[in-house]
Amino acid sequence: MTSTRSLATDAVTVGYDDRVVVHDLSVSIPPGKVSVIVGANACGKSTLLKSMARLLKPQSGAVLLDGRSIAEQPTREVAKTLGLLPQTPTAPEGIVVADLVGRGRYPHRSFFGRWSDDDERAVNEALTLTGILDLADRPVDELSGGQRQRVWIALALAQRTDVLLLDEPTTFLDVSHQVEVLDLLTDLNLERGTTVVMVLHDLNLAARYADHLFAVKDGRLHSEGPSSEVVTSEMVREVFGMESRIVIDEVSGTPLVLPVGRHHSAQLRL
Amino acid sequence: MTAARAARRARLRRHRSVLVVLVLVVVALLAVTLSIGERIYGPSEIIRVILGQDVPGASFTVGRLRLPRAIIALLIGVAFGIAGSLFQRMLRNPLASPDIIGISYGSSAVAVVAIGFFGATGPAISIAAIIGGLTVALLVYFLAWRGNVHGARLILIGIAIGTMLFAVIQWVLTRIEVYKAAEALRWITGSLNSAFWGDVPPLAIALLVLVPVAFAVSGRLKILELGDEASAALGVAPNRTRLLIVVIAVGLTSVATAAAGPVAFVAFLAGPIAARLLPGGTGVLAPALVGGALVLGADFTGSQLLPTTFPVGVVTGVVGAPYLLWLIARSNRPGGTS
Amino acid sequence: MTLSTAERTPVGPSGVRPASRRRRLVAGLVLGLLVLVAGSALSLIFGSRVVSWDEIIGGITAPDPASFAEQAVATRIPRTVLALVVGAALGISGALMQGITRNPLADPGLLGVNLGAALAVVLGITLFSISTSGQYVWFALAGATAAALIVYAVGSIGRGGATPLRLAIAGAATSAALSSLVSAVLLLRTDVFDTFRFWQVGGVGGASFAQMTPVVPFLVVGLILAVIAIPGLDVLALGDEVARGLGGSVGRSRLIAGAAAVLLAAASTAIAGPIAFVGLVVPHAARLFTGPGHRWLLPYSAVFGSALLLVADVIGRVISRPADIPVGIMSAIIGAPFFIWLIRRSKVREL
């Protein structure tokens, strides 16, 4: 039951006004897998994600959904296939959790559509998966940062798309919720075949959860592949400008990056 | 039944009952407006007039004077209410109203010049007003356009032009002879005194077209409120939707202004009042009804309840604003939602 | 133990070192003040008659009653001073109001000041037949402060106190009610309208130092409070929660800034009539140069406001002699295109 939707960028150059952030980047997102984009701050990973979500128009090149340029497809149709968790969404004042999540059903609802059982199911499922069902009638304004983040994730989940793009989904979440959310996304991927593409700032979580990793440096693709191949101390040095040691994570068997800073590196003489 | 669904159902029920009450209020106001005046007519006479029968006395008073006036009052209330609510939600600012992009000031400025310097009357003023309003709206939109229309730029430029026109209006009022100035003042305050059957068709047709579109766009507005990124992700193109909303609001405001002048503050008041009566509500029906009730109530108050007659534009502020203030104060009390 | 080079020379968010940014801002302010001085000179020179340098000196020091020119200069001095003072007061007041409400659409009239003054003046004309500037001043002051108090009271009832949202709506709603009342009277009494419409346009003509005296205490107190309010406002801009977290007293900051804004606006409206453009738009223009920090925003708003009003007055006098176009009108007509140009040029962040 793997998603067969293919998402790729073909030599896209993306920027804001006069500033080019992503240079001539071509990636092909493996369908039905969890892909993670990593890179230093301001390297263009969010910009890349936004262009893939058709939020930004590339200055050159194209984003291809199922082989066709995404810009040529009606945006509402695309919304049924591609969902996005944006970085800084705004919640209307006083809105209740269940209502906000409900708005994620918009692409699927017909013009005069009543609220259908399907919509109800999708919302409830989204609320349950993110563990906020008991917050359903609370106003979003009253929630903590972490709870609010989960509400927005639930909105993206309620959209029930084959491809899910998430820009830093772990912001504001404490470590247990971070892992919960990432586990949930993995469930989605395994059970429904949803293609998951996310930008993560935590390299170790990225290494653990990614089937396929993209390392971006200065708006260009540095390396890609499974974590075991991509996460090396050379990559960390070149992409993040940091010294590190790589060991194998005891728990997951994936590479674990041990940063070497100026302090607490007693064992090493550099 | 899940908690979410139960809460949603309860809220919809509450909203429905409030909406029903609003409809009843509007109907009551219509009834009162039609029957009470210098002469009071009973319901049977009124109904017979509406049905087209000839009732001595009533046919003229109710049929030719009160009925068109009431209908126009209702229609402009609906138009202003919807336009104001759309703008406030789109700009996420409760101080917003279509005046923000200067439409009312454009209409008023041209009307004042027409009255003061050219001695225009009646339909000529209305036409001048529409032209003025649409021109200014276009100008503001054009000036704010730099590849796309950023909400912030639109607001600021609209304010600049609006304030400039406001100053021009004040100045013109000092340059023309005082009786012309008073007449101009009467127009820009908004009045239904010259509302006759002839004015109804254009207004009705315009509303027939624009109101359904407003209803349709309201759904998109709910998504737009989530921010440009979330909105685009859910399939609602932000800039195109904003343009559509601006066009609708400008259209509604212009036709309503042409009919009765810029009736003060209905566009501004209807939205917040509706929001407090229906917390969490997102439709255009409530602001439309509130707007209609406001104008009907204000016109009735202005023409019947006060020692001297006042045009509707004067009374809307006095009737609507204290109500809004009371709603604010009431919601401020501990336990209420802000 | 060494500090890296980066730590020794910190770079500000715009990439420009804070020290040089300060220098730029100070230079800008000095430039602005020079413009004001030049403008003041122009204001003394131009008018329905152009005067010479000697006549100016004479007019300032010891006006010779026989010389029309020196008398003209003597009357222009209070006018110039008034334009400077009112412009500055409105600029500051607008910046404060936008800071208190965190709303870019806020202007000094937001708390009902302009309309409170207007209603009081209208009632004064109607009931007491006042008609001179000296008389308007007292009524306007009373009306403005009364309105602001009512708005603040309504906005503060209940939990949370006077949040920006409630203040803004309460103010705008109150203005709506007052405006309707004013219109009501004006429509009833055309004679009152005839007098009132000239106060309404706002002007600094016919000013005298004697007239200005009643408002001076208001201006001074307002200015002092404004300065006191600066740190509180910067913290307030971060949002009520963050502000409290940083130890700021949200209610008190708002109250002080609000009082300052009202006093300055009330004084200005009382002496020069309601002038709409300056308080609303000048802070935005200033912000384009200074950024959001109030320490620079307030002085720049003051200077921009003064400059605008001064230039507007001079041009208004020069363009249409012998009568002049009132300063409220002219400032909007000049200011609006300039402001639009500024907006189009710069990157306007989401408000």
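Preceding this paragraph is the structure being described.
Description of the structure in this document. (Residues numbered from 1 in each chain as written. Chains lettered and ligands numbered in written order. Predicted model: local features only at pLDDT ≥ 70, side-chain atom pairs only at ≥ 80, totals over all residues.)

### A look at the packing of helix α4 (residues 117-129) of chain A against helix α5 (residues 145-158) of chain A
Residues and elements named next belong to chain A. Worth spelling out the cut-off: Angles shown run from 0 to 180 degrees and are taken between the N-to-C directions of axes, each axis being a line fitted to C-alpha atoms and, for helices, limited to the stretch in contact. In DSSP terms, a helix is any run of H or I states spanning at least four residues, a strand is any run of E spanning at least two, and both are numbered starting from the N terminus. Note on angle classes: values under 35 degrees are labelled roughly parallel, values over 145 roughly antiparallel, values of 65 to 115 roughly perpendicular, and the remainder oblique. With the far helix as reference, a near helix turned anticlockwise by less than a right angle produces a left-handed crossing, and one turned clockwise produces a right-handed crossing. Distance between backbone-placed C-beta atoms decides contact: two residues are in contact if it is within 7 Å.
Put simply, α4 and α5 touch, their axes get as near as 8 Å, and they point 140° apart. Judged by the inter-axis angle, α4 sits oblique to α5. Here α4 and α5 pass one another in a crossing that is right-handed. Note on element contacts: α5 touches α4 through Ala154, Leu157 and Ala158, opposite Ala122, Val123, Ala126, Leu127 and Leu129.

### A closer look at the pairing of strand β8 (residues 195-199) of chain A
Residue and element names in this part refer to chain A. The condition is simple: Remark: C-beta atoms are placed from the backbone, and a residue is labelled buried if 20 or more other C-beta atoms sit within 10 Å of its own, exposed if 12 or fewer do, or partly exposed between those counts. We treat two strands as partners when DSSP finds at least two bridges between them.
Within β8, 5 of the 5 residues are buried, which leaves the element mostly enclosed by the surrounding structure. Burial along β8 is two-sided: the residues Thr195, Val197 and Val199 and Val196 and Met198 are all buried. Pairing analysis gives 5 bridges linking strand β7 (residues 163-167) to β8, with the strands arranged parallel. Bridge pairing links aspartate 167 to valine 199 in β8.

### Quick look at the sheet that holds strand β5 (residues 68-69) of chain A
Residue and element names in this part refer to chain A. The strand order β2-β1-β4-β5 describes an open sheet built from 4 strands, whose pairing is antiparallel. Of all strands in the sheet, those with a lone pairing partner are β2 (19-29) and β5, marking the two edges. Here strand β4 (residues 60-65) runs beside β5; their pairing, made up of 2 bridges, is antiparallel. Its bridge partner being in β5, leucine 64 is matched across the sheet by serine 69. Across the face of the sheet, helix α1 (residues 45-52) comes into contact with β1 (7-16), β2 and β4 while running at roughly 120° to β1.

### Focus on the interface of chain B and chain A
Facing the 21 residues of chain B at the interface are 29 residues of chain A. At the level of elements, α1 (3-35), α8 (200-224) and α9 (228-233) of chain B are the ones that each hand at least two residues to the side of chain B that touches chain A. Ranked by residues supplied to the side of chain B that touches chain A, first place goes to α1(B) with 5 residues.

### Quick notes on the nonpolar core
Put simply, the rule reads: Only buried residues count toward a nonpolar core: Ala, Val, Leu, Ile, Met, Phe, Trp, Tyr and Cys, linked into one set through C-beta atoms within 7 Å.
Counting 322 residues, the largest nonpolar core has Val101(A), Ile76(B), Ala79(B), Val121(C), Ala260(C), Ala266(C) and Ala270(C) as the members making the most contacts within it. Broken down by element, this core gets its largest block of residues, 18 residues, from helix α3 (residues 58-91) of chain B.

### Some details on the pairing of β1(A)
Residue and element names in this part refer to chain A. Direction of pairing for β1 relative to β2: antiparallel, over a ladder of 7 bridges. What sits directly across from valine 12, in β2, is leucine 25. Taking the residues between adjacent antiparallel strands as the criterion, β1 and β2 are bridged by 2 residues, where aspartate 17 takes a positive phi near 45°. Here β1 runs beside β4; their pairing, made up of 5 bridges, is antiparallel. Among the inter-strand pairings, threonine 13 is bridged to a residue of β4, identified as serine 60.

### Considering the packing of helix α5 (residues 113-128) of chain C against helix α6 (residues 133-156) of chain C
Residue and element names in this part refer to chain C. Their axes nearest at 7 Å, the elements α5 and α6 cross at an angle of 135°. What the angle tells us is that α5 and α6 run oblique. With respect to the hand of their crossing, α5 and α6 are arranged in right-handed fashion. Each of Val113, Leu115, Gly116, Ala117, Leu119, Ala120, Val121 and Gly124 in α5 lies in contact with α6, whose residues at this interface are Gln135, Tyr136, Phe139, Ala140, Ala142, Gly143, Ala144, Ala146, Ala147 and Ala148.

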